[in-house]
Amino acid sequence: MLDGCTPWPPELAGKYRAEGYWAGQPLDVLLRDGARNHPAKTALVGPTGTRWTYAELDARADRAAAGFLAAGIARGDRVVVQMPNIDDFVVTIFALLRVGAPPVLALPAHRESEIVPLCELSEATAYVIADSDDTFDYRTLARTVTKAVPGLRHVFVSGDPAEFTALPDAAPVPLDAPDPGEVALFLLSGGTTGTPKLIPRTHDDYLYNARASAEVCGLTAETVYLVALPAAHNFAFACPGILGTFAAGGTVVLAPNPSPDVVFELIETERVTVTAVVPPLALLWMENAEWSDNDLSSLELLQVGGAKFSAEPAGRVRETLGCQLQQVFGMAEGLLNYTRLDDPEELIVTTQGKPLSPADEVRVLDADGNDATEGELLTRGPYTLRGYYRADEHNKRAFTEDGFYRSGDLVRVLPTGHLVVEGRVKDQINRGGEKIPAEELENHLLAHPLVHDAAVVGMADEVMGERICAFLVVKGETPALRDVTTFLRARGVAAYKLPDRVEVLEEFPLTTVGKVSKKALGKLLEED
Ligand code: J2J
């Protein structure tokens, strides 16, 4: 594996191969096979009405791959990709897979404070963007990023490139197949620390992730999957998402944004059968479905995950949207838990599913480190990372000696093997499925001239699950919430990480070992 990655130990790798979890194929076979087996089938419907067959998409990916090679992108190079839900995103990813230059999947909401460290950590040689979306011109961001990261040699742009380079397109050239054990792409971790963490996913592991997910979710050639979440998110990309739909020979429809009017229209016109959302979106769709004139009857399955979906709304999905619910408790690090389509309704409504694979090993440890039915979830398996990229020190804490990943999630295991997420021990806020590493946000807050000390905690919220409260110890004057958010935006912090509330304290409550007690801070919010 690429230098800086932690491979699976040979005995486990051998087992995963021997038992067929790892197929020994490059990830792009999903598209190659589709183009060979059903070339005329629609693979991708873009947000501007483009409709590409498997053969067309395959040919476009080949041309873009040849173009990237001609532009000097080589096997092993890392390429940060930040694109909204557009057809060129899919072309770009498959092109880079074919070149063997792992894409690093950034989210459209990311800004300078996320993209610069990502480019640095991955030592990216290129950055691929779209010119703009409804709200933002990514070329302005590219200008800042290229100034800050001298190693970045290329910026490729879908749409109007301005002073940068248009997405490449060249006559196809023969390409060497990548090693299936090699890194195919990098996903971003939700994170808990001050610096971003990259998750290497290999061809073998991610191909299994997509195929097994497609199977467990019952996808077929009749499936029409709507990408409502950002396409670059693991959930929408491969669980089963875009890749799983290709594995089944179905059709992927890209929604430019997840608002009910846009999405409901697409469900009706494209006869969408499956889609995936985070809980706040599920709530919004359920509320709006009542008033909608659109015909949503094609929808068979709504996947909900990314944050806990409470049993009460979960129990109303069928009556409001007329489809089955599937709860998904997943992580970009690997392990995916799905409620099964034939599970009793009670389990679908009240649990977050059970592990996807028979080869997923799950341990639950109590606070003393003993095996228990309730406690922290640890896991290893054929599609769960063994180490973050170039993060030796952090890896010592995040993994056990025998390679189990410490998820930081608190779960309860039922006798059926289903998991109920009960909370977490990691220092992260989950704002409606979007993850905010506490330390990262605190570091940004500490840079404010009026802030002496900062601690961020999640505050319970009916719609979002949690929102962000920033506790501050100030130097003299108290900054207003507006001042704080304006300051953070000016630093290039993604909008979803902005505090929803600021509270000033004289000093922070401490734990017995002298650390800031987030528990005590949380209690202050509850008493409010
Ligand atoms: C509670 N917490 C959950 C759930 C994730 C599918 C679905 C989600 C993600 C994802 C994903 C949860 N209930 N149902 O990658 O493929 C929290 C946990 C977990 C963290 C992972 C997928 N589903 N979570 O959310 O990498 O804390 O992946 O460890 O963004 O989200 O976040 P992320």
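Residue positions are given per chain, counting from 1 as you read along its sequence in written order. Given that the model is predicted, a residue must reach a pLDDT of at least 70 before its local features are reported, and side-chain atom pairs must reach 80 or more before they are shown or counted; all residues, however, enter totals for whole chains, interfaces and linings. As a rule here, side-chain values cover all heavy atoms of the structure and leave hydrogens and water aside.

By the naming in an unreviewed UniProt entry, the protein chain goes by 2,3-dihydroxybenzoate-AMP ligase and is assigned to Amycolatopsis xylanica. Recorded under Sequence similarities (unreviewed entry), the UniProt text for the protein chain is reproduced unchanged: "Belongs to the ATP-dependent AMP-binding enzyme family." UniProt positions are given in the numbering used here, feature names are shortened, and annotations may be inferred rather than shown by experiment.

Peer 1: I would appreciate a short explanation of the sheet that holds strand β23 (residues 451-461) in the present structure.
Peer 2: Think of a sheet as strands paired side by side through backbone hydrogen bonds, with each pair either parallel or antiparallel. Whether two strands pair comes down to DSSP finding at least two bridges between them. The helix and strand labels rest on DSSP assignments: H or I over at least four residues marks a helix, E over at least two residues marks a strand, and numbering proceeds from the N terminus. In spatial order, the strands read β23-β24-β25; together these three strands make up an open sheet with mixed pairing. Bordering the open sheet on either side are β23 and β25 (501-504), each of which pairs with just one other strand. When strand polarity is set aside, the average angle formed by the axes of neighbouring strands in this sheet is 30 degrees. Helix α18 (residues 518-527) rests against β23, β24 (465-474) and β25 of the sheet, and its axis sits at about 60 degrees to β23. Angles shown run from 0 to 180 degrees and are taken between the N-to-C directions of axes, each axis being a line fitted to C-alpha atoms and, for helices, limited to the stretch in contact. Residue contacts are counted whenever heavy atoms from the two residues lie within 4.5 Å of one another.

Peer 1: Hey, could you run me through the pattern of salt bridges in this one?
Peer 2: Pairs can form between side chains of opposite charge once their charged atoms are near each other. One side-chain nitrogen of Lys or Arg within 4 Å of one carboxyl oxygen of Asp or Glu is enough to make a salt bridge. Overall, the coordinates contain 30 salt bridges when judged by the stated rule. R98 serves as the salt-bridge partner of D58, at 2.6 Å between the closest nitrogen and oxygen. Of this pair, D58 sits in helix α3 (residues 54-70) while R98 sits in helix α4 (residues 87-99); the two residues are 40 residues apart in sequence, bridging distant segments of the chain. Per residue, the accessibility class of D58 equals that of R98, and both read buried. We note a salt bridge from R201 to D205, for which the minimum N-O separation is 2.9 Å. Relative accessibility thresholds used throughout: buried, under 20% of the residue-type maximum; exposed, over 50%; partly exposed, between the two (1.4 Å probe, protein chains only). For R201, a relative accessible area of 0% puts it in the buried group. Each of D28, R32, D58, D62 and R98 takes part in salt bridges that share partners, so that together they form one network.

Peer 1: Would you mind going over the site of the ligand with me for this structure?
Peer 2: Definition of nearness: a residue and a molecule or strand are near each other if at least one heavy atom of the residue lies within 4 Å of the molecule or strand. Every one of the 20 residues lining the ligand counts as a neighbour, but V328, A332, D409, K426 and K435 are closest to it. By the criterion applied in these results, polar contacts are pairs of N or O atoms within 3.5 Å in which, for protein atoms, one can donate a hydrogen and the other can accept it, and in which residues neighboring in sequence qualify only through two side-chain atoms. One of the side-chain nitrogen or oxygen atoms of K426 is found 2.9 Å away from an oxygen atom of the ligand. Working definition of accessibility: Shrake-Rupley area with a 1.4 Å probe, residue cover restricted to the visible protein chains. Starting from 610 Å² of accessible surface for the ligand in isolation, the protein chains cover 95%. Within the residue set of the shell around the ligand, elements represented by two or more residues are α8 (234-238) and β14 (324-331).

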